[in-house]
Amino acid sequence: MIASIPSATLLGVRGRPVLVEVHVSNGLPGFTVVGLPDAACREARDRVRAALLSSGFPWPLRRVTVNLAPSGVRKTGAGLDLPIAVGLLVATGELDAAAIAGCGFVGELGLDGTIRSVPGALPLTDALTSSAVVMPPACVPEALLVGKPVVRTARSLRELVDALSGRIAWPDLRTVSPAGPAQAHKVPGATTADQACGQGRAGPLDLADVRGQPMGRLAIEVAAAGGHHLLLSGPPGSGKTMLAERLPSVLPPLDEAQLLETYRVHSAAALPLPPAGERRPPFRAPHHGISAPALVGGGSSWMRPGEVSLATNGVLFLDELGEFPSPLLDLLRQPLEEGVIRVARARATVSFPARFLLVAAMNPCPCGERRGIGSCVCSAAQLARYSRRLSGPLLDRFDLHVAVGRPSVRELLDLVPAESSASVAQRVAKVRELAHRRGVTANAALSSASLDVHAPLTKAARELFERQLCSGVLSARGLDRVRRVALTLADLDPSKTAVDEIHVAMALELRAGRAALLGGPGQV
Amino acid sequence: MAYAATLAGLDSMTPQRLQRLLRGRSAEEVFADLRAPRARLVSRLMHAEGAPDQRNPRTAQIVNTWRRASVDTDPAFVWERLVASNTVAYRRGSPGYPSRLVDDRAAPEVVFVRGSIAQLDRPCVALVGTRSATHYGSGVAAELGADLSDAGVVVVSGLAAGIDAAAHEGALAPERPAPPVAVVGGGVDVVYPASSNRLWARLELAGGILSEAAPGAAPERWRFPLRNRLIAALAHVVVVVESHKGGGALHTVTAADERGVTVLAVPGSVRSPASEGTNSLIADGCGVARDAADVLAALELACAGSNYALGPRTGPCGQRGFARNSPPAVTARLSPDERAVLEALEDVATPFESVCGRSGLGLALTAVTLERLATLGLAARSGSGWERSAAGRR
């Protein structure tokens, strides 16, 4: 009178296999779940009982013990409802043990016996070692992405039992869930949150929409081509957000591995996956009121990936950087350095992927008008406080620090369309290709030592660097950063093979906003 | 001298209280009075003077503190510490005390000095203005500082951020005949604001820093209006470079008016809040300072009849627009690109994008040309933009 059903629960962006053991014996009627279930798991008792009864199965008036093995690890979520119900049916003899051999189950049960979707279908399927899995209908598209086990589904518990015992054929995957991965699961609230992040926008954003802004456009192109983190500063209404939102449109499309990783993170965070065939890198734009767990991942029971992980392989855009609390910004330093974020809690430590391109925008001062001569009304103390909000180590991560201005009336009314994202993306792809040949994904990842090999300087470029270092404009730390940007500029310039004076000068100009931010009010 | 310095360094000692204590008495006498159990005498003295803090219970309390402090303090030790920190104290009337201050009705009884202030016997011009200066203001202040200093005029300012700092920067050069003097609010050893650390040290070496507050005194708010009266009293002409409406520089103007010191204001854009104060000064009939020549003319009037002599007025000093002539040799050899970019620059910081748009060259070409011009000393990075540097002006 015992049954063992393979299933899985979620920890971070990975699934963990769980064996659901159901034991039915004589004794005082009762139903206990052991093996560190969380609140949602413990409630499975009531859902499973109701689902069985409404599906027409008898409820055993005996002692039922459910153990979730391994017992030492905390289980979260309602995805274990279905394996518990199946285990009970097997243990009470309603279902033949042979019918479920080699099959894993994941799903939440409704009181009427319907099988409901759960977050993280992709990593959960990945974690199951069985040769077949039964997933809720809405989770099928995600489960299919793994490609390994045979995916089966059923709309209700009754349908599942009939299919398992061979009385009916398995429901066709296509008819059960005709929609693509975009409709994978509808978690209330997630869609609206996602639209705020710029992913739900109608129609792809294109750089051709941006009028004027030659420096801003160049900065976007260089950031995409070289993987350089970008800080845009400028007065309100200068188009910082508009530029940043168009960065994904010039980035190279995701490859298979990156796509799967992105799907995995989105699945674990219970967010809708991008539509099938969409390979554009993700773009996440959290509001500055975000909490630390929401930014870097975590949470008390369910270790949900944060915005930095959702932006992995794509762009993390922090608008109004100065408004983010500085402890929060300093949390970004580890992922920027290592490409992963490790969230440590008393019960578990989870690693989330976090390889993103950081783009930030801020006003040059609290009133935003510092760039215009004499129009800033901020006091010296206010300015000092404002620039202190960003720690030096964080500012150092930005290779590009560009001050953008409001476009002129002439530029706004200019009817000549600007260069489109597609043609910029072609140049970006070529530079990325060169970086791959150097053994890195982008020029920004080149080590200082390999810079000498891959980015030889011409005599004029060397002299310009010398002058900058001697005059104190450039620090030793800044030198390598400028060299990487100069290399990207040289790569974008098909006529040049070495890093020339013109590239170094442009790279310095693309970093000049930094001095303006750190300088005093009237600093010349 | 040691006694006066010790008295100035007592807790809660203000310039007014020190003046009241020392009126007609030597510092030794006052100190002895304080130390002896006759401290009541001092207290009575302060009351009898018709002090505004009469019947203020704080007065007795303060005198009591002083009495205790004076018992614990050895003036010789105070003096030793002053000498060790390269600080000199001058008692009013003693040699070395600034002669312009001696007859002032609010003259400080003691001044503390680091560096040298002997040059205060020469004609002095105060350059004052707002701490949150624009590029325009700091540029003008630096230029006036440099030109006036070249003409042998001592630049007096307050060593605050903004206009003050720019004026001192301009006036500080190794071979200038008249090194600048800073009058600061706190003690001469209390660097404030912390960002002017380097300027402070350079001024100590090349010029002088003066304060009526004892070394170690914190730069408290109330000290600055008092500091401004010293600046006004020391200067023959006060030039307000930039001032917001109701700015602190206007205290200096009031103090200068009380003393009959000429006040000039640098006109600014009517749209710039940083020039609101100066523009209303001009509207009220104050003189205009467009460049150093204007200031020198006013200075000549102010010094007429006195035995002050301006430095040798050689070269184009008397003409309008002096020190603006660029060496033609450099500009003549520029390439067309360089010329186009130089044309696109202004005297105030211009965003890189605007320079690029005006010159008609591409982004990268503009960037590299600007760097070349910077090497030639014709252009300079300024904030997030570029401006024509002194040599590039015509």
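Everything below is about the structure shown above.
Below is a summary of the structure that appears in this document. Keep in mind it's a predicted model, so treat the numbers as computed, not measured.

### Describing the overall build of chain B
The helix and strand inventory of chain B stands at 18 helices and 12 strands. By residue count, 54% of the 394 residues in chain B fall in the buried class. For chain B, the computed accessible surface area is about 16,900 Å², with 52% contributed by carbon and sulfur atoms.

### What about helix H2 (residues 44-54) of chain A?
In an α-helix there are 3.6 residues to a turn, and that puts residues three or four apart on one side. Residue and element names in this part refer to chain A. Listed in full, the buried residues belonging to H2 are Ala-44, Arg-47, Val-48, Ala-51 and Leu-52. The arc that holds the buried residues of H2, viewed along the axis, is 125°, so those residues lie on one side. Following H2 by one or two positions, Gly-56 has its phi on the positive side, about 90°.

### Describing the sheet that holds strand S8 (residues 132-135) of chain A
Residues and elements named next belong to chain A. Judged by pairing direction, the sheet is parallel, and its three strands sit side by side in the order S5-S8-S9 without closing on themselves. Bordering the open sheet on either side are strand S5 (103-105) and strand S9 (150-153), each of which pairs with just one other strand. Strand-to-strand twist of the sheet, defined as the mean angle between neighbouring strand axes without regard to direction, takes the value 30°. Two elements, S8 and S9, share four bridges in a ladder whose sense is parallel. Within the sheet, the bridge partner assigned to Met-135 lies in S9 and is Thr-153.

### Description of the nonpolar core
Judged by nonpolar contacts, the single largest core of 71 residues is most densely connected at Leu-230, Met-506 and Leu-510 of chain A. Ranked by residue count, the leading element in this core is helix H9 (residues 214-226) of chain A, at eight residues. Sequence-distant contacts of Met-506 of chain A, that is, excluding residues within four places in its chain, are made with Met-215, Leu-218 and Leu-489 of chain A together with Phe-352, Leu-363, Ala-364 and Ala-367 of chain B. One finds Ala-8, Leu-321, Leu-390 and Phe-398 of chain A within the second-largest nonpolar core, a separate group that totals 50 residues.

### Some points on the sheet that holds strand S3 (residues 124-128) of chain B
Residue and element names in this part refer to chain B. Read across the sheet, nine strands follow the order S1-S2-S6-S5-S4-S3-S7-S8-S9 without closing on themselves; strand pairing throughout is mixed. Strands with a single pairing partner mark the edges of an open sheet, and in this sheet they are strand S1 (87-91) and strand S9 (287-288). Sheet topology places S3 next to strand S4 (residues 154-157); three bridges connect them, and they run parallel. If you follow Cys-124 over to S4, its bridge partner there is Val-154.

### A word on the packing of aromatic side chains
The description of an aromatic ring pair rests on the distance of the ring centres and on the angle between the ring planes. All names here are of chain B. Tallied over the entire structure, the rule returns four aromatic pairs over all chains. Aromatic pair Tyr-3 and Phe-31: ring centres 5.3 Å apart, planes at 65°, arrangement edge-to-face. Here the residue Tyr-3 occupies a position in helix H1 (residues 2-8), and Phe-31 occupies one in helix H3 (residues 27-35), the gap between them amounting to 28 residues. A centroid spacing of 6.1 Å and a plane angle of 50° characterise the contact between Tyr-192 and Phe-224, whose relative ring orientation is tilted. Here Tyr-192, found in the loop between strand S5 (181-183) and helix H10 (197-206), pairs with Phe-224, found in helix H11 (residues 223-234); they are 32 residues apart in sequence, far enough to count as distant.

Conventions and cut-offs
- Residues numbered from 1 in each chain as written.
- Chains lettered and ligands numbered in written order.
- Predicted model: local features only at pLDDT ≥ 70, side-chain atom pairs only at ≥ 80, totals over all residues.
- Heavy atoms only, no water.
- Helix = DSSP H or I, 4+ residues; strand = E, 2+ residues; numbered from the N terminus.
- Buried < 20%, exposed > 50% of the residue type's maximum accessible area, 1.4 Å probe, protein only.
- Areas by Shrake-Rupley, 256 points an atom, 1.4 Å probe, with all protein chains shown as cover.
- Arc of directions from axis to C-beta.
- Pairing = 2+ DSSP bridges.
- Axes fitted to C-alpha atoms, helices over the stretch in contact; angles between N-to-C directions.
- Core = buried A, V, L, I, M, F, W, Y, C linked by side-chain atoms within 4.5 Å.
- Contact = heavy atoms within 4.5 Å.
- Phe/Tyr/Trp six-rings, centres within 6.5 Å; stacked < 30°, edge-to-face > 60°.

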